[in-house]
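# A look at the structure
The residues making up each chain are set out below.
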Amino acid sequence: MKLYIVSTPIGNLQDITLRALQTLKEVDFIAAEDTRHSLILLKKYDIQKKLLSYHSHSGQMKLEKIVGLLKDGKTCALISDAGTPGISDPAYSLIKEVLKEGIEVVPIPGASAFLTALVASGLPMNRFVYLGFLPVKKGRQTLFESFKDEKRTIVFYESPHRIQKTLNQMEEILGGDRKMVVARELTKLHEEFVRGTVSDVKSEFEKRKPKGEFVVILGK
Ligand code: SAM
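What counts and what doesn't
- Residues numbered from 1 in each chain as written.
- Predicted model: local features only at pLDDT ≥ 70, side-chain atom pairs only at ≥ 80, totals over all residues.
- Heavy atoms only, no water.
- Helix = DSSP H or I, 4+ residues; strand = E, 2+ residues; numbered from the N terminus.
- Buried < 20%, exposed > 50% of the residue type's maximum accessible area, 1.4 Å probe, protein only.
- Contact = heavy atoms within 4.5 Å.
- Areas by Shrake-Rupley, 256 points an atom, 1.4 Å probe, with all protein chains shown as cover.
- Lys, Arg positive; Asp, Glu negative; His and termini not counted.
- Charge placed at Lys NZ, Arg CZ, Asp CG, Glu CD.
- Arc of directions from axis to C-beta.
- Polar contact = N/O pair within 3.5 Å; in protein donor to acceptor, adjacent residues only side chain to side chain.
- Axes fitted to C-alpha atoms, helices over the stretch in contact; angles between N-to-C directions.
- Parallel < 35°, antiparallel > 145°, perpendicular 65-115°, else oblique.
- Left-handed = near helix turned anticlockwise from the far one by under 90°.
- Nonpolar A, V, L, I, M, F, W, Y, C, P; charged D, E, K, R; others polar.
- Near = heavy atom within 4 Å.
- Domains from an automatic or database assignment.
- Pairing = 2+ DSSP bridges.
- Right-handed = clockwise from strand over helix to strand, strands pointing away.

### Re the overall build of the protein chain
- Scanning the protein chain from N- to C-terminus turns up 8 helices and 10 strands.
- Each of the 220 residues in the protein chain was classed as buried or not, and the buried ones make up 46%.
- When contacts within the protein chain are restricted to residue pairs at least 6 apart in sequence, those whose partners lie at least 24 apart make up 69%.
- Of the roughly 11,700 Å² that the protein chain leaves accessible, carbon and sulfur atoms contribute 51%.
- A gap of 1 Å separates the mean positions of the 34 positive and 27 negative side-chain charges of the protein chain.

### Structural notes on helix 1 (residues 18–26)
- For helix 1, the set of buried residues is Ala20, Leu21, Thr23 and Leu24. For helix 1, the angular spread of the buried residues around the axis is 160 degrees, confining them to a single face. Opposite its buried face, helix 1 presents the exposed residues Leu18 and Glu26, each directed more than 90 degrees away.
- Close packing links the buried residues of helix 1 with strand 1 (2–6), strand 2 (29–32), helix 2 (35–44), strand 4 (75–79) and strand 5 (104–108).

### Focus on the side chain of Ser7
- The residue Ser7 is located in the loop between strand 1 and helix 1 in this model.
- Residue classification places Ser7 among the buried residues on the basis of a relative accessible area of 4%.
- At 2.9 Å, the side chain of Ser7 forms a polar contact with the side chain of Thr84.
- At 3.4 Å, the side chain of Ser7 forms a polar contact with the backbone nitrogen of Gly110.
- Residues in contact with Ser7, not counting those within four places in the same chain, are Ile16, Ala20, Gly83, Thr84, Pro85, Ile108, Pro109, Gly110 and Ala111.

### A word on the packing of helix 7 (residues 163–174) against helix 8 (residues 198–206)
- It is at 9 Å that the axes of helix 7 and helix 8 come closest, and there the two elements cross at 150 degrees. On the basis of their axis angle, the class for helix 7 and helix 8 is roughly antiparallel. Crossing angle aside, the handedness with which helix 7 passes helix 8 is left-handed. Contacts between helix 7 and helix 8 involve Gln164, Leu167, Asn168, Met170 and Glu171 from the former and Val198, Ser199, Val201, Lys202, Phe205 and Glu206 from the latter.
- Taken together, the residues of the contact of helix 7 with helix 8 sort by class into 5 nonpolar, 3 polar and 3 charged.

### A word on the site of the ligand
- Among the 18 residues in the neighbourhood of the ligand, the closest are listed as Asp89, Ser112, Ala113, Tyr157 and Phe214.
- Between the ligand and the protein, one listed contact pairs a nitrogen atom with a backbone N or O atom of Ile10 at 2.9 Å.
- Put simply, the parts of the chain that give the shell around the ligand at least two residues each are strand 7 (153–158) and strand 10 (214–218).
- For the shell around the ligand, the class distribution of residues is 9 nonpolar, 4 polar and 5 charged.
- The residue makeup of the shell around the ligand includes at least three contributed by each of domain 1 (2–108) and domain 2 (113–218).

### Comments concerning the pairing of strand 7
- Among the 6 residues in strand 7, 6 count as buried, and that is most of the element.
- Residues Thr153, Val155 and Tyr157 of strand 7 are buried on one face, and the alternating residues Ile154, Phe156 and Glu158, pointing to the opposite face, are buried as well.
- Two strands pair when backbone bridges link them, and strand 6 (residues 128–133) and strand 7 are joined in this way by 4 bridges, in the parallel orientation. Paired with Phe128 across the strands is Thr153, a residue of strand 7.
- One crossover worth recording links strand 6 to the parallel strand 7 by way of helix 6 (residues 140–147), and it is right-handed.
- Judged from the 5 bridges that link them, strand 7 and strand 10 form a sheet pairing that is antiparallel. Directly across from Val155, in strand 10, lies its bridge partner Ile217.

Take it as geometry only, folks, not as evidence of what the structure does.
Now the structure itself:
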């Protein structure tokens, strides 16, 4: 009767802790965001385990099924496609429900893209705000306006399709001089940090078609 929140790699499959592997081996079942995707990791570490899908569109029934199994005394490891479940990934509804039932929730720490990016960014990391994904349409302008007075480092996730638009908007609203970093494809073969001012980074991504996964970090 325990739910383990297990962090998995954000790219490099070696970025998983011994404790995470042991937990995945020992639980009764694994709830995974995308079972096919997670099989790649599980196969690499020779873990054969009953898999149940749990993703952002999973309804109340799936949630109740997992809670029911936990109440029957089973142990479950929750994993997402990458990184830490709950960080811009499904987990919150399940964790809330599980705690309400008096079931223990055990975190197994590991990789998360925002922290991995932040620590190598070269921007202050003693105080920062993590914003997840920015709104796609409404609210963007107001949010960028609010960055003007923010003294803490700002970290958020962005898709390759929107990164150029985001950089354009940032330059337009914040000016081109603030320091920023775009971290791309962390822990993977093409890992890259583009560091500079907002204008520098914007110009860099005008030269090429943005590909891969991105973390954006903005200094004060
Ligand atoms: N749970 C994950 C975590 O702990 O970081 C985040 C999941 S969120 C659905 C996926 C987003 O995280 C991607 O669109 C990208 O912005 C960021 N991300 C994930 N892996 C990344 C990587 N290897 N390099 C850069 N950004 C990454």
